[in-house]
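Letter by letter, the chains look like this.
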Amino acid sequence: MKRFNFPNRLILAFLITLPIIAKADNVWSYHQEVDKLSNQSFSYAQSPLPMPGLYDYLKLKLVCKGNNLQATIEANNLITSQSSRFNIDYQIDKMPAMTIAMKTFPDSKRKGYTEEFAKQLAEDLLTGQTLLIHVNTIIRTVLSSSMPLTNADLTIKQVLADCNLSTDNGKAATSTYSLIEFEQSLRQLPLDKQQRVLAELKKVMADLK
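What you are looking at is a predicted structure, and each value in this text was computed from that prediction instead of being measured.

A. Expanded view of the nonpolar core. Ranked by size, the top nonpolar core spans 36 residues in total, and within it Trp-28, Leu-125, Leu-131, Ile-133, Val-135 and Ile-156 carry the most contacts. Elements with a contribution of two residues or more to this core: strand 3 (58-65), strand 4 (68-75), strand 5 (85-92), strand 6 (98-104), helix 2 (118-125), strand 8 (130-136), strand 9 (142-148) and helix 3 (152-162). Setting aside its immediate chain neighbours within four residues, Ile-156 contacts Trp-28, Ala-45, Ala-122, Leu-125 and Leu-126.

Below, the structure is given as structure tokens:
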């Protein structure tokens, strides 16, 4: 009977470690690497692994490379052809969904990026607990994934700091009113008020010409 004690202890020790591994995979993580081609160092915050069977595989990253911030998304399935634009919709908790444009890399049909909307996305990720993503593909299907924002605050702020981008309580210190913020506010208004706002905006644009 004694000869079974040692392997039994090994099995027990292995089982004890399983919840720890699952927990580690369920949080955002910070990484520093070196590009082997350019020998340039870069850092990134990476989303947790998706839960198998519930959603499509989507991996989100906020990358600081060459002092530029970039958001990337990677899927196991086809998104669109190389160097082509596509849209993703994302929702933080119960906030209104936002739409941003990305572009696939020249050598990939499953991985895209944006620099234009990277900072806005990073700021939004600092404000909630859960992220829902929809990726609109070329074949009119939608890839979707839900992921927790556990540890996103620390990892994303570190990447922003690497790119010399400051934050103030999770929001960048800026007084500008972005187009995304305007569209979000406009969608929350009744249809008649939306028309009034757009009419006033049309007058302002005409005066600026």
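Structure's up, so let's keep going.
B. Fine view of the pairing of strand 5. Of the two faces of strand 5, only the one carrying Phe-86, Ile-88, Tyr-90 and Ile-92 is buried; Arg-85, Asn-87, Asp-89 and Gln-91 on the other face are not. As consecutive antiparallel partners, strand 5 and strand 6 are separated by five residues, and within that stretch Asp-93 has a phi angle of approximately 50 degrees, a positive value. Across five bridges, the pairing between strand 5 and strand 8 is antiparallel. Across the sheet, Ile-88 pairs through a bridge with Val-135, a residue of strand 8.

C. Spotlight on the pairing of strand 9. Two strands pair when backbone bridges link them, and strand 8 and strand 9 are joined in this way by seven bridges, in the antiparallel orientation. Following the sheet pairing, Thr-130 is matched in strand 9 by Pro-148.

D. Up close: the packing of aromatic side chains. Per the stated rule, a full pass over the model turns up two aromatic pairs. Ring plane angle 25 degrees and centroid distance 6.1 Å describe the contact between Phe-42 and Tyr-44, whose orientation is recorded as stacked. As far as the burial class goes, Phe-42 and Tyr-44 line up, both buried. Centre to centre, the rings of Phe-105 and Tyr-113 are 4.7 Å apart; their planes meet at 35 degrees, and the pair counts as tilted. Lys-65 extends its terminal NZ or CZ atom over the ring of Phe-42, reaching a point 5.1 Å from the ring centre.

E. Structural view of the environment of Ala-152. Examined against the element boundaries, Ala-152 turns out to sit in helix 3. The buried category is assigned to Ala-152, whose relative accessible area is 0%. The spacing of Ala-152 and Gln-46 is 106 residues in sequence and 8.5 Å in space, taken between C-alpha atoms. In contact with Ala-152, other than residues within four places in its own chain, are Trp-28, Leu-125, Leu-126 and Lys-157.

F. Spatial organisation of the side chain of Ser-47. Topologically, Ser-47 is positioned in the loop between strand 2 (41-46) and strand 3. Given the relative accessible area of 3%, Ser-47 is considered buried. Those residues in contact with Ser-47 that lie beyond four places of it in its chain are Trp-28, Leu-58, Lys-59, Leu-60 and Met-147.

G. Expanded view of the pattern of salt bridges. Per the stated rule, a full pass over the model turns up five salt bridges. Two residues, Asp-35 and Lys-65, come together in a salt bridge whose shortest N-O distance is 2.6 Å. Placement of the pair is Asp-35 in the loop between strand 1 (29-34) and strand 2 and Lys-65 in strand 3, with a sequence separation of 30 residues. Owing to a relative accessible area of 19%, Asp-35 belongs among the buried residues under this scheme. Using a relative accessible area of 30% as the deciding quantity, one classes Lys-65 as partly exposed. Put simply, Asp-153 and Lys-157 hold a salt bridge, and the shortest N to O gap is 3.6 Å. Residue Asp-153 and its partner Lys-157 are both found in helix 3; the two are separated by four residues, about one turn of the helix. Judged by relative accessible area, Lys-157 falls into the partly exposed class, the value being 30%.

Thresholds applied
Residues numbered from 1 in each chain as written. Predicted model: local features only at pLDDT ≥ 70, side-chain atom pairs only at ≥ 80, totals over all residues. Heavy atoms only, no water. Core = buried A, V, L, I, M, F, W, Y, C linked by side-chain atoms within 4.5 Å. Buried < 20%, exposed > 50% of the residue type's maximum accessible area, 1.4 Å probe, protein only. Helix = DSSP H or I, 4+ residues; strand = E, 2+ residues; numbered from the N terminus. Contact = heavy atoms within 4.5 Å. Pairing = 2+ DSSP bridges. Phe/Tyr/Trp six-rings, centres within 6.5 Å; stacked < 30°, edge-to-face > 60°. Lys NZ or Arg CZ within 6 Å of the ring centre and 35° of its normal. Salt bridge = Lys/Arg side-chain N within 4 Å of Asp/Glu carboxyl O.

Shape descriptors only; they carry no functional weight alone.
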